[in-house]
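Examining the three-dimensional arrangement
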Amino acid sequence: MAMLRSITSMTQRWMACLALLVLGVVGMVNPVTADSQIPEARVMNQEPIEMGNYRIYFSAFNSTFVPPGIAEQYSLRRGSRYGIVNIAIRDVSSDELGTAVTGRVSGHTMNLLTQKSSLKFSEVKEGSAIYYLADFKFSDEELLKFAIDVKPQGSSRSETLRFEQIFYH
């Protein structure tokens, strides 16, 4: 039984890694410069959040997907116990692709024991791309619930993104 659990855990880890790699390479919605090595803010198994003329994209992934130099450049903690959440806001009032816009982004994670941990977002601008990054700590096979408040610049209202994801070392 322990062997089966170990194989299942390894398979889940492999599938999660494969999914993140595919998401970072295929179907980029908010193109960034070719030099960028931070995985794209993309929605996993969901549509982006629609908020009037704005579309909000989000993703969370293991920080080891980001090279050490890039993590250092953006002051992100990197290692098998750390993840990164990426938020991108696009104004789609003029066309389907839209344009990147700034905004206010804040939030927290919560584990199954209802322990909250604040997310400290940093704004990153690369060419015409704008996104918000925050790192967080997790335990192996931990389910984290995210609550992230997003208020696009020029908008009178904010939206709270809520999603959950399991993280693996």
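Not measured: the values here are computed from a predicted model.

A few words on the pairing of strand β3 (residues 82-91). Where burial is concerned, most of β3 is hidden: 10 out of the 10 residues are buried. Strand direction decides the pairing type here: β3 and strand β8 (residues 129-137), joined by six bridges, are antiparallel. Following the sheet pairing, Ile87 is matched in β8 by Tyr132. Pairing analysis gives two bridges linking β3 to strand β4 (residues 99-100), with the strands arranged antiparallel. Bridged to Asp91 within β4 is Thr99.

This part takes up the environment of Asn62. Inspection of the secondary structure puts Asn62 in strand β2 (residues 54-62). On a C-alpha basis, the gap between Asn62 and His169 in space is 8.0 Å, while along the polypeptide they are 107 residues apart. From its side chain, Asn62 meets the backbone oxygen of Tyr168 in a polar contact 3.1 Å long.

This part takes up the packing of aromatic side chains. Counted by the stated rule, this structure contains seven aromatic pairs. Judged by centre distance (5.2 Å) and plane angle (80°), the rings of Phe136 and Phe146 are edge-to-face. Of the two residues, Phe136 sits in strand β8 while Phe146 sits in strand β9 (residues 142-152), which places them 10 residues apart along the sequence. Residue classification places Phe136 among the buried positions, given a relative accessible area of 2%. Since its relative accessible area comes to 2%, Phe146 is described here as buried. For the pair Phe138 and Phe167, a centre-to-centre distance of 5.2 Å together with 35° between the ring planes defines the contact as tilted. Residue Phe138 is located in the loop between β8 and β9, and its partner Phe167 is located in strand β10 (residues 159-167); the two are separated by 29 residues in the primary sequence. With relative accessibility at 2%, the residue Phe138 sits in the buried group.

Conventions and cut-offs
Residues numbered from 1 in each chain as written. Predicted model: local features only at pLDDT ≥ 70, side-chain atom pairs only at ≥ 80, totals over all residues. Heavy atoms only, no water. Buried < 20%, exposed > 50% of the residue type's maximum accessible area, 1.4 Å probe, protein only. Helix = DSSP H or I, 4+ residues; strand = E, 2+ residues; numbered from the N terminus. Pairing = 2+ DSSP bridges. Polar contact = N/O pair within 3.5 Å; in protein donor to acceptor, adjacent residues only side chain to side chain. Phe/Tyr/Trp six-rings, centres within 6.5 Å; stacked < 30°, edge-to-face > 60°.

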